[in-house]
Every structure is written in structure tokens, then in C-alpha cells.
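Residues per chain, in single letters:
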There are 2 protein chains.
Amino acid sequence: MNQKQDGRSPSTRERILDVSLRLFSEQGYDKTSLREVAENVGVTKAALYYHFPSKESVLSALLEQAHVLGAHGVIFFPTAEIARDPGRLAAFAIRAIDTVLSQRSVFLLMERNRAAIAALPLPDQDHGDLHRQMEERWSALLRDSAIPLRQRVRFASALGAVMATAMGSLRGLGDAGLPALRQELALAVMDILEIPASSRPPLQESIGES
Amino acid sequence: MNQKQDGRSPSTRERILDVSLRLFSEQGYDKTSLREVAENVGVTKAALYYHFPSKESVLSALLEQAHVLGAHGVIFFPTAEIARDPGRLAAFAIRAIDTVLSQRSVFLLMERNRAAIAALPLPDQDHGDLHRQMEERWSALLRDSAIPLRQRVRFASALGAVMATAMGSLRGLGDAGLPALRQELALAVMDILEIPASSRPPLQESIGES
DNA sequence: GTCTATAACCAGATAGAC
DNA sequence: GTCTATCTGGTTATAGAC
């Protein structure tokens, strides 16, 4: 479940992240105590503090991990330039869909704990924090009045569609299998973004993860 | 801001709800203490407990209020039957858009505090709880394998699009004015749901609220 | 690298006076 | 309807032994 797969069995740190991801998603970040995490990992509360300096840092680590693993943290930074070119926009959208679907357990965590994540302290000066960078890029794009309102609404809608469908895949929508879901989602997003047939990329490729 | 507008100035109960809505949305439900709410209202913590039996009941009250005000709590219950008829589906979608946009401050609260809301105890046996009923209806629709996957993905996408756009309207997307935003969103949703031109309703009507 | 023990704190909630 | 005062319990986090 957690990456870094050598043959080795997962380190304590990795097990903490796995358990945290599960509990934070199921019960919510705030309602999950470190004592509870520790019990499920099979260590004591204090042991957690050896691996992470604070509860918040566990949440941060989960977000970072997902963004780094998900296509190297680059594909989530849409720009106005990309948005102007239907072909590039379509390719961007497909990559975003694959990233969200393959990392959907972490995106579920994100969607269910937006408030807690927003309240996260900034990690010591502009270092890292891919998550916030990504949010700011999207925000800038949506408020960029140089882009026609119609297109901005389409961007927001596409993002919402991807997130909602990926979340649905964890609650019953996914019964038909991930590849089929991916295919239908990609088509829906192409419609939302009004990508002309000539600019639509072929849809092969595969997906992984939990 | 809070409904029930006779000429009267808002009751303490109403002011508690207004302040809670603001703070819960800005900082998150779990990170907002009742002491903080009380201070902003201008009363003491204990006074809150006269009006509400618990912190959770404040959150519940906010959700109920929105669903009741928003088109009488009915329009959010999509059924497989409605989904089969393009005309009815389109009309349903438009009403949903208007409800979410007019109550968007509460929907922001919902989106940012999904975990806390999911953890809310059920209000004493099947009474009320429009919020959970609505979530279950949507969930049932998305997992209903009698409906083609393609259409279910479209439903999920449409819902996501409406929510994302409404949230965007509170963060810069709304600069062009709500009516224009509503118009573009409605068009996008018609595309997502693949409503044929002949079944698309005309788009007049207006919006209100904060 | 993991433990025991405990510090320090603050939350939600209640009792009862006014 | 609002207050003061207090209780109870759980939380993050730390110090220091092993």
C-alpha cells in the first residue's frame, strides 16, 4: 500500500503513514487521536513522536507523498498558457485524471479534511509544500479575468468532476472496474472542457494503487 | 444574513448560527471552540448551552436550515426515475444549481467539514436529518448498476461541477456576477448530463443570499 | 528505536445563582 | 436568558530510562 517497495517489510514510519491515512480518512483528522493511531500500528504514542515531530507533520507527510508520487508533482500546475491550447489542455486533463485515480485514497483524505489541511502551518518558508502551490495555481487560474468566464467555469467544473468521480469510485461507483471508470470520466471531462474531437488524445494507459 | 427576517433584529440564537457559520467555515468546525464563538457573539460559553444542547447540535442546525430554506428540502432527492427523463433531469439540475448557489455559504461549510459532518450522530431516530437523506440518495444513485456507468459518471461529474463552481464563486470566480456564473454553470451541466437541445429549459430565474 | 510516566493544557459540558 | 464557577476527561507533547 505504501510506496518505497524494496523487498523490505514496511518500516514503522511507513506503517504509521498507512494507518494514519486510513483513520484520518474514515474518522477525520481531528477526531483521530495519536493514541488511536499508535494502538493500530502496535506501538506507543510516544514512539510516534520519535518519527514525527507533531500530529500536523503526519498529515503534511501524507500530502507531500501523494503529490510527489503522483506524476512527480508537476502535472498539477495548470497555467493560463496550457489552458489556451486545446491539445495541451486535453493531455493535462488526462494526466490529472490518472493521478487522482491512482492516488485516490489520499485525495479522499484531502476532500474529507479540507479545513484541517487549510489550517496546516506553512512548512518553514517556501520550502516544498506542493499541496499549497497546487491550490494557489488553481485559484489563480480561476480568478484570472483574462480568461473568459465560460472557460473558467469549465475548469472549475472539470476539477470538480474528477474529484467527485474519484471519490465515488471508493463508494460504489467503481464496481465496473477502474479502467472503465477512467474511460467514461475522461470522456466527460473532454466534454466539459469542450475539447474538439481533433484534439482529443487516444485513451490507453493504465492505473495502479489501492 | 440569517433568514427569518421580520423587522426584528436577530435573536441571540440567530446570531450564534451566523457567527458559527462564519467561524466553522473559515477555521474549520473542530478548530473552532465554543468559547471563540461565544466571544464573537458577545455572550459567554454557558449562554450558548442555553440555546443549543451541544456543539454538534449547532452544526446540525446549520445544515438543516440550509436544506429547509433551499427549495423546501425536496429538490435534492434525485431518483432513478427522474434520471431517466432528460427533461425532468434538466429541470432538477437547474433547481439544484440555484439552491447550491443561493445557499453557497453553507455548502462551503459542508465541503470544508465533510469529516466532522459525517461523524455527526444521527438525530434521534429517522427524524429529520435531511442532510443524510440527501447523501444517501446520491449514493444510491451512483451505485445503482441498473443505470449505465456512463450516466452515473455524468451524475457524479455534474454534482462535482456544481459544488466546485459554487465554491469558486466565493474565491474569485464570482467577479463577473452571480447571474453570469449561473448561466455558464447551467450550460456546463447540461453538457455534462448530455441533455439534448430540445430538452433544455430556458434559463431565467434569480438568486439571492449572502 | 522504543518504552513508561507525566506534564501541561484546553476542550465540552453542568450546576446553580441572579 | 445570561452569568460565574467548576468538573471531567481527553489531547498533544516532553523527559528520561532502557
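Residues numbered from 1 in each chain as written. Chains lettered and ligands numbered in written order. Predicted model: local features only at pLDDT ≥ 70, side-chain atom pairs only at ≥ 80, totals over all residues. Heavy atoms only, no water.

Caption draft 1: Inspection of the relation of the copies chain B and chain A at higher detail. It takes a turn of 180° to lay chain B on chain A, together with a shift of 0.0 Å along the axis; the resulting RMSD is 0.1 Å. On the angle and the small slide along the axis, the relation comes out as a two-fold axis. Rotation axis and chain B: the residue whose C-alpha lies nearest the axis is Gly160 of chain B, separated from it by 2.1 Å. Residue by residue, 100% of the interface of chain B is reproduced at the interface of chain A, so both copies engage with the same surface. (Least-squares fit on C-alpha atoms with pLDDT ≥ 70 in both. Contact = heavy atoms within 4.5 Å.)

Caption draft 2: Inspection of the packing of aromatic side chains at higher detail. Residue and element names in this part refer to chain A. For the coordinates displayed, the defined rule picks out two aromatic pairs over all chains. Consider the rings of Phe24 and Tyr29, whose centres lie 5.0 Å apart with planes at 75°: the pair is edge-to-face. Across the pair, exposure class does not vary: Phe24 and Tyr29 are buried alike. Above the plane of the ring of Tyr29 lies Lys55, whose end atom (NZ or CZ) is 4.4 Å from the centre. (Phe/Tyr/Trp six-rings, centres within 6.5 Å; stacked < 30°, edge-to-face > 60°. Buried < 20%, exposed > 50% of the residue type's maximum accessible area, 1.4 Å probe, protein only. Lys NZ or Arg CZ within 6 Å of the ring centre and 35° of its normal.)

Caption draft 3: How the structure looks around helix H11 (residues 178-192) of chain B. In this model H11 of chain B runs 21 Å from its N-terminal to its C-terminal C-alpha over 15 residues, within 8% of the 21 Å that 1.5 Å per residue would give. Residues of H11 of chain B that are buried: Leu178, Leu181, Arg182, Glu184, Leu185, Ala186, Ala188, Val189, Met190 and Ile192 of chain B. Buried residues along H11 of chain B sit in contact with helix H10 (149-168) and helix H11 (178-192) of chain A together with helix H6 (86-102), helix H7 (104-112) and helix H10 (149-168) of chain B. Note on H11 of chain B: the residue one or two positions beyond its end, Glu194 of chain B, has a positive phi of about 55°. (Helix = DSSP H or I, 4+ residues; strand = E, 2+ residues; numbered from the N terminus. Expected span 1.5 Å × (residues − 1).)

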